[in-house]
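Close look at the chain arrangement
Residue strings, one per chain:
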Amino acid sequence: MKLFRIIRLSFYALFALSVSIGYFVYINALSKPLENREQTLVVPKGVGISWLATHLENKGIIENRYVFRIYTWINKRDVSIKAGEYTLVDIDSIPDLVAKVDQGKVIQYSITLIEGKTYKDYKAQLMSQRLLEDELADLSDAEVMRKLGAKGKKPEGLFAPQTYFFQKGDSDFDVLKQAYERLDAVAEDAWNNRSESVVVKTKYQLITLASIIEKETGAAFERPTISGVFNNRLRIGMRLQTDPTVIYGMGESYDGNIRRKDLRTDTPYNTYTRYGLPPTPIAMPGEAAIRAAANPEATDALYFVGKGDGTHYFSKNLKEHNNAVIKYQLGGKPRAFSSNPSGS
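Residues numbered from 1 in each chain as written. Predicted model: local features only at pLDDT ≥ 70, side-chain atom pairs only at ≥ 80, totals over all residues. Heavy atoms only, no water.

**What about the overall build of the protein chain?**
Looking only at helices and strands, the protein chain features 13 helices and 6 strands. Per-residue burial over the protein chain gives 41% buried out of 344 residues. Taking the intrachain contacts of the protein chain between residues at least 6 apart in sequence as the baseline, contacts between residues at least 24 apart amount to 62%. By element, 52% of the accessible surface of the protein chain is carried by carbon and sulfur atoms, the whole surface being about 19100 Å². (Helix = DSSP H or I, 4+ residues; strand = E, 2+ residues; numbered from the N terminus. Buried < 20%, exposed > 50% of the residue type's maximum accessible area, 1.4 Å probe, protein only. Contact = heavy atoms within 4.5 Å. Areas by Shrake-Rupley, 256 points an atom, 1.4 Å probe, with all protein chains shown as cover.)

**Structural notes on the environment of Asp184**
Tracing the backbone shows Asp184 in helix α7 (residues 172-192). In the structure, Asp184 is positioned 24 residues away from Ala160 in sequence and 8.2 Å away in space, judged by C-alpha atoms.

**Focus on the environment of Met127**
Considering the arrangement of structural elements, one finds Met127 in helix α5 (residues 119-128). Sequence-wise, Met127 and Phe173 are 46 residues apart; in three dimensions their C-alpha atoms are separated by 9.0 Å. Setting aside chain neighbours within four positions, we find Met127 in contact with Leu136, Ala137 and Asp172.

**Concerning the layout of surface pockets**
Here the second largest pocket is characterised by a volume of approximately 450 Å³. Thr118, Ile247, Tyr248, Gly251 and Ile282 are the residues nearest the centre of the second largest pocket, which is lined by 15 residues in total. Here the lining of the second largest pocket is composed, by residue class, of 6 nonpolar, 3 polar and 6 charged. (1 Å grid on protein atoms, 1.4 Å probe; cavity = no way out; pocket = protein on both sides within 12 Å on 5 of 7 lines; lining within 4 Å. Points joined across faces, edges and corners; volume = space filled by probe spheres on them. Nonpolar A, V, L, I, M, F, W, Y, C, P; charged D, E, K, R; others polar.)

**Details of unusual backbone geometry**
One non-glycine residue, Asn36, lies in the positive phi region at around 50°. Summarising the element assignment, Asn36 is placed in the loop between α1 (2-31) and β1 (40-43). Taking the relative accessible area as the measure of exposure, Asn36 reaches 33% and is therefore partly exposed.

**As for the nonpolar core**
Inside soluble globular proteins, nonpolar side chains tend to come together where they are buried. Leu126, Val144, Met145, Phe159, Leu206 and Phe230 are the most contacted members of the largest nonpolar core, which totals 50 residues. Within the residue set of this core, elements represented by two or more residues are α5, α6 (141-147), β4 (163-166), α7, α8 (203-216), α9 (223-236) and α12 (287-294). Per-element tally for this core: the top contributor is α7, with 10 residues. Within the second largest apolar cluster, 21 residues are counted, among which are Ile49, Leu56, Phe68 and Tyr71. (Core = buried A, V, L, I, M, F, W, Y, C linked by side-chain atoms within 4.5 Å.)

**With respect to helix α4 (residues 94-103)**
Looking only at α4, the buried set comprises Ile94, Leu97, Val98, Lys100, Val101 and Asp102. Following α4 by one or two positions, Gly104 has its phi on the positive side, about 70°.

**Concerning the pattern of salt bridges**
This structure, assessed with the given rule, holds 15 salt bridges. In this structure, a network of salt bridges that share partners links the residues Arg182, Asp189, Glu287 and Arg291. (Salt bridge = Lys/Arg side-chain N within 4 Å of Asp/Glu carboxyl O.)

**Comments concerning the side chain of Thr245**
Checked against the element boundaries, Thr245 lands in helix α10 (residues 243-250). Here Thr245 falls in the buried class, since its relative accessible area comes to 0%. Sequence-distant contacts of Thr245, that is, excluding residues within four places in its chain, are made with Ile212, Tyr269, Thr271, Pro278 and Ile282.

**Concerning the packing of aromatic side chains**
Per the stated rule, a full pass over the model turns up 7 aromatic pairs. Between the aromatic rings of Phe159 and Tyr180, the centroid separation amounts to 5.8 Å while the plane-to-plane angle is 55°, which identifies the pairing as tilted. Taken together, the positions of Phe159 in the loop between α6 and β4 and Tyr180 in helix α7 put the pair 21 residues apart, joining distant regions of the chain. With a relative accessible area of 0%, Phe159 lands in the buried category. Classification of Tyr180 as buried rests on a relative accessible area of 11%. Among the aromatic residues, those joined into a cluster by ring pairs are Tyr119, Phe159 and Tyr180. (Phe/Tyr/Trp six-rings, centres within 6.5 Å; stacked < 30°, edge-to-face > 60°.)

Written out as structure tokens, the structure reads:
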């Protein structure tokens, strides 16, 4: 009995020593700095902790996959692995790495879509971004809109200019979807809070008007005034007569110059030959342009002309406007032009 007791105590002592040594090895390995932290860690969708531990060991980032698995098991993080691309330069140990992957702190990239560009421009920009998965190339415009839940709508004007963030594995369509949802939210809010003086009848018409304001505005502070001019014209049934709509209707034939014959050539977008708004937006309006369309300035102006410095001169009547054209566009020398055929 005494011998058995000695053996049992020896076994317990050996077991305790083994546990102590194992715990020491575990703690030492756990706190050991990671290796090869200059490389990025890519975690595919659907993988588990076993795959991640083996992958980290194979990449030489950790020495022992079992230490990693034990730590995640103890901390119950084996079901919290977030897919994505991670940088390792800012972490020092296995606990830091697990926390980062558990929280999904993936590398974020960005792309900026600029105001006043067209859907064609946005699509080309997104498709040229090599960090994005290619999805748009195989989709027609109609298919894009159907996937967005906007079947039958034209894409022009329906994507918000802004800086968008994405991660590895996202597609060009994913970013476009963000832009669509952002513009829809802004336009919905602007429409719901529009001024009582607004003439347009629908949210889509508001976006269309905003796209024209966006293309006509050189100075941001003038947006509400330009909106006021267009609102006045729509109210009294006067043609908008805005060059950007004509240019959009010319399509690929536009060479950088707009001529008198272009103003006279009828297209669905020529607001010199047709009354009211064009059938679709002509560009992507920013939030400021949308809110200006929803809140036009109360003004008597019906005309405006560029002064050559990015701002405009606003006029209440045609005579005042023609004088402004002569002063700011013709160098003070009277001659015939579209609204002044006599040249006097």
